[in-house]
Amino acid sequence: MRDSLLIIEDETLLGNELARYFRKQNWETTLVCSLAEAEKYLEQGIEPLVVLSDMNLPDGNGLDFLEQLKGVLNSTEWLFLTGYGSVSDSVRALRLGAYDFIEKPCDLKRLNLLVEGAARSARAQRRLDNQAQEQNNKYSIRMLVGKSKAICLLREMLTQVSQVPFSSMIISGETGTGKGLITNILHYSGTRAKGPLVEINCAALPRELLESELFGYEAGAFTGAKKRHRGLFEQAHNGTLFLDEIGEMDIELQGKLLKAVEELRIRRLGGDHEIDVDVQIIAATNKDLQHEVSAGRFRQDLYHRLNVINIHIPPLRERLDDLRELVQLFIAENNAKSSKNIRVIPDTVTQKLESYTWPGNIRELRNIIERCVLLANSDVFPEQWLQLPNSTTPAAAQMENGVFLPLDGTLTLPDMEKYIIQEVLNRTGNNVTAAARMLGTTRETLRYRVQKYHL
Ligand SMILES: Nc1ncnc2c1ncn2[C@@H]1O[C@H](COP(=O)(O)OP(=O)(O)OP(=O)(O)O)[C@@H](O)[C@H]1O
Ligand SMILES: [Mg+2]
């Protein structure tokens, strides 16, 4: 199917010239001369990839038309042709989220570049929307498994929260407790389920990159900024922006984030105008943010702004009542995946699972069960593959903070390195940031080694 372009232009000569030109560029082009006609065209349920519109039309203003259609045409990009070099109109166009504007008379080649840019941006938005729809059915509150008091209460809270349009919230909990899962549930069962869920891990990028990812940039804003880039705030328009590991964000950038969240308006790097964005923020952290605030590492004002709703997920060791259901869930999932049929869980296995401290929480549990199911050769859960550090003996308790390496030639030096990294990844539930911290190295170095050893 060809991409569709709607041209709204009442000057017949110009309209025809534009339509002819873009048909030649292989656009499925429709030309209308008034807003009423445009409305009639759109009523058929057609969503053009790009709308190229005049500002002043016989039956109204193109900008009012765009404003009126906000929320209906979410993944269409708008380009405006301005007649009289009117600055205030163009500023309003951009604030309403138009892709760009161009003054008449316009050079067709330049216009074509703009239309192409707008099309790329609209396509990216559509991909996000499609993903959102596919995911829509995948996440429901029932997916949060567990019968402990804490989880029952959490499910009740999520049911309530998902029915109200909240502006921001903080989810806290140790690594692997389900912060990502809850974010997905909240988005896909909430009022913004049809909009995109856009995620970023604030610990994964250096400050400058994180800033340009969040806010976007104009061409030429810095070396390497070849094309205009819409930031995550814009991409999350009408949806949810998930800021993972917010506690790691640079304090100066926190100031900029606060302004954006308060005003729901952002400015691209190198940009000269502000853009309205309608996003709901979910911020996650495995740190104690209040403690970070008192230590001067997290801005108090941002903390209060985000903390409209606060959800804390307790670690697995404090809700062992959830273990049985979770184990059953993960066994069933992996039985299906690897055509195994584990049905018997010996009491000794349950005891071991219940006396372990689960530093990597549910993610660690999930990984261990996966390994055990994969290596099972009967319908009995293979206890020998549990390999949990036995925290009851003093020697092993010591080992919780370290690893045991046999120095009898069975392991080569690279084997040892590989073993240490694997062990730390297991204990952190594959959390690279936490693992790097434990190993006193950077995420980049650790990632390199993970690749090197195919971990
Ligand atoms: N209550 C639960 N029921 C079922 N699955 C769960 C539950 N909690 C967590 N999980 C699963 O455990 C895994 C880890 O959860 P998730 O990635 O959401 O943790 P997280 O808190 O975001 O961790 P991190 O801080 O490391 O990013 C996921 O596969 C998730 O689906
Ligand atoms: Mg996560």
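Nothing here was measured: the structure is a model prediction, and the numbers come from that model.

Asker: For this particular structure, what's the right way to read the overall build of the protein?
Answerer: Of the regular secondary structure elements, the protein holds 19 helices and 16 strands. Overall, the C-alpha framework of the protein stretches about 85 × 45 × 45 Å when taken along its three principal axes. For the protein, buried positions account for 47% of its 455 residues. Accessible area for the protein stands at about 22,800 Å²; split by element, carbon and sulfur atoms hold 51% of it. Of the charged side chains in the protein, 54 are positive and 61 negative, and the gap between their average positions amounts to 3 Å.

Asker: Mind showing me how you'd approach the side chain of Thr-175 here?
Answerer: With respect to the element layout, Thr-175 can be found in the loop between β8 (168-172) and α7 (179-188). Here Arg-363 takes part through its side chain, which lies 3.4 Å from a polar atom of the side chain of Thr-175. Excluding residues that lie within four positions of it along the chain, Thr-175 makes contacts with Asn-286, Pro-359, Gly-360, Asn-361, Arg-363, Thr-428 and Asn-431.

Asker: What is the right way to read a nonpolar patch on the surface from this model?
Answerer: The grouping of Leu-374, Leu-375 and Trp-385 at the surface amounts to a nonpolar patch, some 270 Å² of accessible area in total. Take Trp-385: it is sitting in the loop between α15 (361-375) and α16 (394-399).

Asker: Explanation requested: the sheet that holds strand β15 (residues 280-285) in the structure shown.
Answerer: Strand pairing in a sheet relies on backbone hydrogen bonds, with the paired strands running either antiparallel or parallel. With parallel pairing, the 5 strands of this open sheet are ordered in space as β9-β12-β15-β8-β16. Sheet topology places β9 (197-201) and β16 (309-312) at the edges, where each strand pairs with a single neighbour. For this sheet the average axis-to-axis angle between neighbouring strands, irrespective of direction, equals 15 degrees. Of the pairings in the sheet, the one linking strand β12 (residues 240-244) to β15 comprises 4 bridges and is parallel in character.

Asker: Please clarify how the confidence of the model for the protein should be interpreted in this entry.
Answerer: Low pLDDT means the predicted atomic positions in that stretch should not be read closely. Taken residue by residue, the protein gives an average pLDDT of 90. The fraction at 70 or more is 95%. Contacts for the low-pLDDT stretch residues 391-398, under 50 throughout, to residues beyond four places or in other chains number 6 contacts.

Asker: What's the story with the packing of aromatic side chains in this structure? I'm lost.
Answerer: How two aromatic rings sit relative to each other is given by the distance of their centres and the angle of their planes. A complete count under the given rule lists 7 aromatic pairs for this structure. The interplanar angle of 85 degrees and the centroid separation of 5.1 Å between the aromatic rings of Tyr-21 and Phe-22 together place this pair among those described as edge-to-face. On the accessibility criterion, Tyr-21 (18% relative accessible area) is buried. Their ring planes at 75 degrees and their centres at 6.0 Å tell us that Phe-65 and Trp-78 sit as a pair that is edge-to-face. In this pair, Phe-65 sits in helix α3 (residues 62-69) while Trp-78 sits in strand β6 (residues 77-82), placing the two residues 13 residues apart along the sequence. Here Phe-65 falls in the buried class, since its relative accessible area comes to 3%. Every member of this aromatic cluster is reached through a ring pair, and the members are Phe-65, Trp-78 and Phe-80. Looking at Arg-228, its charged tip hangs above the ring of Tyr-99, at a distance of 5.3 Å from the centre. When the ring centre of Phe-215 is taken as origin, the NZ or CZ atom of Lys-256, which lies over that ring, is 4.6 Å away.

Asker: I keep staring at helix α18 (residues 432-439) and nothing clicks. Help me out?
Answerer: Helical periodicity: at 3.6 residues per turn, an α-helix aligns residues three or four positions apart in one direction. Thr-433, Ala-434, Ala-435 and Ala-436 are the residues of α18 that are buried. On the buried face of α18, the contacting elements are α17 (413-427) and α19 (443-452). Near the N-terminus of α18, the side chain that reaches the backbone nitrogen of Thr-433, with its oxygen 2.9 Å away, is that of Asn-431. Note on α18: the residue one or two positions beyond its end, Gly-440, has a positive phi of about 60 degrees.

Asker: It is not clear to me how the site of ligand 1 should be interpreted in this structure. Could you clarify?
Answerer: The full set close to ligand 1 counts 17 residues, and Thr-175, Gly-176, Lys-179, Leu-181 and Arg-366 are the nearest of them. Residue Arg-363 places a side-chain N or O atom 3.0 Å away from an oxygen atom belonging to ligand 1. When the free accessible area of ligand 1 is taken as 640 Å², the share hidden by the protein chains comes to 86%. Secondary-structure elements contributing two or more residues to the shell around ligand 1 are α7, α13 (323-338) and α15. For the shell around ligand 1, the domains that each give at least three residues are domain 2 (137-314) and domain 3 (319-452).

Asker: How should I be thinking about the nonpolar core in this particular structure?
Answerer: The tendency in soluble globular proteins is for nonpolar side chains to be buried side by side. The biggest cluster of nonpolar side chains holds 32 residues, and the ones touching the most others in it are Leu-214, Phe-233, Leu-241, Leu-243 and Ile-246. Residue contributions to this core peak at 5 residues, all from helix α10 (residues 251-263). Among residues more than four places away in sequence, those in contact with Leu-243 are Ile-200, Cys-202, Leu-214, Leu-257, Ile-281, Ile-282, Ala-283 and Ala-284. In terms of nonpolar packing, the next biggest core, distinct from the first, is built from 23 residues, Ile-7, Leu-52, Ile-102 and Leu-111 among them.

Conventions adopted
Residues numbered from 1 in each chain as written. Chains lettered and ligands numbered in written order. Predicted model: local features only at pLDDT ≥ 70, side-chain atom pairs only at ≥ 80, totals over all residues. Heavy atoms only, no water. Helix = DSSP H or I, 4+ residues; strand = E, 2+ residues; numbered from the N terminus. Buried < 20%, exposed > 50% of the residue type's maximum accessible area, 1.4 Å probe, protein only. Areas by Shrake-Rupley, 256 points an atom, 1.4 Å probe, with all protein chains shown as cover. Lys, Arg positive; Asp, Glu negative; His and termini not counted. Charge placed at Lys NZ, Arg CZ, Asp CG, Glu CD. Polar contact = N/O pair within 3.5 Å; in protein donor to acceptor, adjacent residues only side chain to side chain. Contact = heavy atoms within 4.5 Å. Patch = residues over 30% accessible without salt bridge, like charges linked within 9 Å, V, L, I, M, F, W, Y side chains within 5 Å. Salt bridge = Lys/Arg side-chain N within 4 Å of Asp/Glu carboxyl O. Pairing = 2+ DSSP bridges. Axes fitted to C-alpha atoms, helices over the stretch in contact; angles between N-to-C directions. pLDDT = per-residue confidence, 0-100. Phe/Tyr/Trp six-rings, centres within 6.5 Å; stacked < 30°, edge-to-face > 60°. Lys NZ or Arg CZ within 6 Å of the ring centre and 35° of its normal. Near = heavy atom within 4 Å. Domains from an automatic or database assignment. Core = buried A, V, L, I, M, F, W, Y, C linked by side-chain atoms within 4.5 Å.

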